[in-house]
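Coordinates in review
Here's the letter readout for the chains.
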Amino acid sequence: MIELHNVTVSYQKDAPALSGVNLKIPKGDFVFLTGPSGAGKSTLLRLVYAAVKPSHGHVVVDGQNVTRMTRHQIPFLRRNIGVVFQDFKLLQTRSVFDNVAVTLEVLGWEKKDIGKKVYHVLKQLGIEHKMEASPQRLSGGEQQRVALARALVNDPKILLADEPTGNLDDHNKDQILKIFKEANIRGTTVIIASHDKRVVHYSHNRIVHLEKGRIKENRDDSFQA
Amino acid sequence: MTRSRHSVRPHASAMGPWSRFCYFAAKAWANLLNNRLVTAITVFTITLALLIISLFLLFYVNIEGTVDQWSRKVVVTVYFEGELTPQEVTSLKGKVSSLQGTDSVQYIGKEEALKRFRSRLKGQESLLEGVAPDTLPASMEISLKKQFRSSEAIASYVAALRKVQGIGEIQYGEEWVRKFLSFYQFLRLLGLLIGGFLLLTVMFIVSNTIKLTILARKEELEILSLVGATPFFIKAPFLIEGMIQGACGALFAIILLVSGYYAFLSNAVNFLSFNPADSGMIFLPPVYIAALLFGGVTLGLIGSLASLKKFVIN
């Protein structure tokens, strides 16, 4: 599903964000990217949704070489990838419904289909009663659930999350991780970048540990669970 | 074999160009309403900018109109020693009228010349004592078409006129014409320079205002790009917003200009020593109004396009 072949990313000349990274993530996998700040976790996620291009090497996502994609092909790749951030990235002037509906509008869905699907996904995540509210009136946990609803509403093949629980309390962390787990059970490949030990030990999953732009450990605990 | 969950997603509706346009227009309208304050500031800036341009145009059109009126005074006069017979006048008028560049020809007989002279010296009639109708020469005044009012064109016209049989002494105030025409050209150049400078300033201000409004919605652009929107999908509502703001700005500028113009006309007599309505002052011709509207829309469109170029990247 996702393959990185000898990938190097350099924002500055002498300090590459990622250096010679080789990684294969099969379809339906659940992977935690761990490591200290500046280890290259976010850069690795950005490579997958083509927000950065590698200086060297190749990135293959769902059979397509992302490195060779033109800027007109990138949106079509992203339609199969959901992305969630620590700061939620929600439009504060729009309702919860509008924030989630935008993903389907981009895909050209009919208005009535959008209504049904958005309601369905918000109900799954337990926030359908907040549909008309503005995100700024929601708690951190609820805002992250809206961001997750936006990422999951078109049933993406891949779900990426960059420190998704960074701003949440323990109860909300567990709730959010449960949603990731459920998405993974439904067949979505999930990659979560986090340096939160509680999150990483949440379940026995594959852990890719990065340090200074290199993979230090690539451990799969799922078989021991 | 079970089908993958991803392959049974509902198909995206096949939007035609018209329904796509309606979708983008509705989105643009909703965005304008959602960001009322920012929209109002942008429209106000465009209104002010276009009002400055239109005031300049109004001023320029009137100055040019006045100068054009003056340029009608560029007249070639042919003097005759004696009075011409009506047959001679008709024949000469025909010959002169057939020359390229002639606009109108008027014969001034000796009597008429004295009458004119008398009216110019109103109040100083004593100066006319002893001046008999025979003293002043008969003449023919030839006014030229607009494109024949340059120094070179007048000179070549006069050369052609000299070849006409029966033509006497020719005068056209060579020095005055030369000075007047160079003043006219200087005025046009000055107008062009000030107009160009104003236009550049206005474009700069408007595009920066629009840039600020787009910068305020940078996160929206980022989210759209993240969920797989094509650059066109992201840009289209913003471009329509820019065009609507530009059109509204132009419309308000025109309304303010019209009200200002008529308020000035009706009140000018109170603080001016002349009535501008009687002095031939004109409002902007319809083509200028259309150009202002078109300019407003284009300004909004170009301002949005230039700003989006900076922010919409993958």
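Description of the structure in this document.

Rules used in this analysis
Residues numbered from 1 in each chain as written. Chains lettered and ligands numbered in written order. Predicted model: local features only at pLDDT ≥ 70, side-chain atom pairs only at ≥ 80, totals over all residues. Heavy atoms only, no water. Helix = DSSP H or I, 4+ residues; strand = E, 2+ residues; numbered from the N terminus. Rg over C-alpha atoms; globule rule 2.2 N^0.38 Å. Buried < 20%, exposed > 50% of the residue type's maximum accessible area, 1.4 Å probe, protein only. Contact = heavy atoms within 4.5 Å. Areas by Shrake-Rupley, 256 points an atom, 1.4 Å probe, with all protein chains shown as cover. Lys, Arg positive; Asp, Glu negative; His and termini not counted. Charge placed at Lys NZ, Arg CZ, Asp CG, Glu CD. Pairing = 2+ DSSP bridges. Axes fitted to C-alpha atoms, helices over the stretch in contact; angles between N-to-C directions. Patch = residues over 30% accessible without salt bridge, like charges linked within 9 Å, V, L, I, M, F, W, Y side chains within 5 Å. Salt bridge = Lys/Arg side-chain N within 4 Å of Asp/Glu carboxyl O. Polar contact = N/O pair within 3.5 Å; in protein donor to acceptor, adjacent residues only side chain to side chain.

A closer look at the overall build of chain B
A tally of helices and strands in chain B yields 9 helices and 4 strands. Against the compact-globule benchmark of 20 Å for 314 residues, chain B has a radius of gyration of 32 Å, which places it well outside the compact range. For chain B, the spread of C-alpha atoms along the three principal axes comes to 120 × 50 × 30 Å. Considering chain B as a whole, with its 314 residues, one finds that 41% of them fall into the buried category. If you take every contact in chain B between residues at least 6 apart in sequence, the share linking residues at least 24 apart comes to 82%. For chain B, the accessible area works out to roughly 18400 Å², and carbon and sulfur atoms hold 65% of it.

Topic: the overall build of chain A
The helix and strand tally for chain A stands at 7 helices and 10 strands. Here chain A, with 225 residues, has 58% of them falling under the buried criterion. On chain A, roughly 10000 Å² of surface is accessible, and the fraction owed to carbon and sulfur atoms is 47%. Between the averaged position of the 33 positive side-chain charges in chain A and that of its 24 negative side-chain charges there is a distance of 5 Å.

What about the sheet that holds strand β4 (residues 169-171) of chain B?
Residues and elements named next belong to chain B. Taken together, the 4 strands give an open sheet; going across it, the order is β2-β3-β1-β4, and neighbouring strands pair in antiparallel fashion. Looking along the sheet, the strands with just one partner apiece sit at the ends: β2 (102-108) and β4. Going from strand to strand, the sheet's axes swing by 20° on average, the running direction of each strand aside. Pairing geometry for strand β1 (residues 75-80) and strand β3 (residues 138-144), over 6 bridges, is antiparallel. What sits directly across from V76, in β3, is I142.

Remarks on the environment of G300 of chain B
Residue and element names in this part refer to chain B. Relative to the helices and strands, G300 is located in helix α9 (residues 286-311). A sequence separation of 54 residues divides G300 from G246, and the C-alpha atoms of the two residues are 4.5 Å apart. Leave out the neighbours within four places in its chain, and G300 touches I210, G242, M243 and G246.

Topic: a nonpolar patch on the surface
Residue and element names in this part refer to chain B. Together, W70, F183, F186, L189, L190, L193 and I194 give the surface a local cluster of nonpolar side chains, amounting to about 680 Å² of exposed area. The leading source of residues in the nonpolar patch is helix α6 (residues 174-215), at 6 residues. With respect to the helices, strands and loops of the structure, F186 is situated in helix α6.

Observations regarding the pairing of strand β3 (residues 30-34) of chain A
Residue and element names in this part refer to chain A. Within β3, 5 of the 5 residues are buried, which leaves the element mostly enclosed by the surrounding structure. The two faces of β3 match: F30, F32 and T34 on one face and V31 and L33 on the other face are all buried. As paired elements, β3 and strand β8 (residues 189-193) share 4 bridges and run parallel to each other. Along β8, the bridge assignment pairs V31 with I191.

Brief notes about the sheet that holds strand β4 (residues 56-61) of chain A
Residue and element names in this part refer to chain A. Taken together, the 4 strands give an open sheet; going across it, the order is β2-β1-β4-β5, and neighbouring strands pair in antiparallel fashion. Of all the strands in the sheet, just β2 (18-25) and β5 (64-65) have a single pairing partner and so form its edges. As paired strands, strand β1 (residues 2-9) and β2 are joined by 5 bridges and run antiparallel to one another. Looking across to β2, one finds that E3 is bridged to K24. Against the sheet, helix α1 (residues 41-48) engages β1, β2 and β4, with an angle of about 120° to β1.

Things to note about the interface of chain A and chain B
The extent of an interface is frequently quoted as the accessible surface area lost upon association of the parts. Contacts between chain A and chain B engage 32 residues on the former and 25 residues on the latter. Where chain A touches chain B, the interface holds 3 salt bridges. E222 of chain B is the partner of K89 of chain A in a salt bridge, and the nearest nitrogen-oxygen pair spans 3.2 Å. Here chain A is connected to chain B by 7 residue pairs in polar contact (both at pLDDT 80 or more).

Examining unusual backbone geometry
Residue and element names in this part refer to chain A. We note that N6 has phi near 50°; this positive angle belongs to a residue other than glycine. The topology assignment puts N6 in strand β1. A residue is classified by how much of its surface remains accessible, and N6, at 47% relative accessible area, is partly exposed. Even without being glycine, F88 reaches a positive phi, approximately 65°. Among the secondary structure elements, F88 is positioned in the loop between β6 (81-85) and α3 (96-106).

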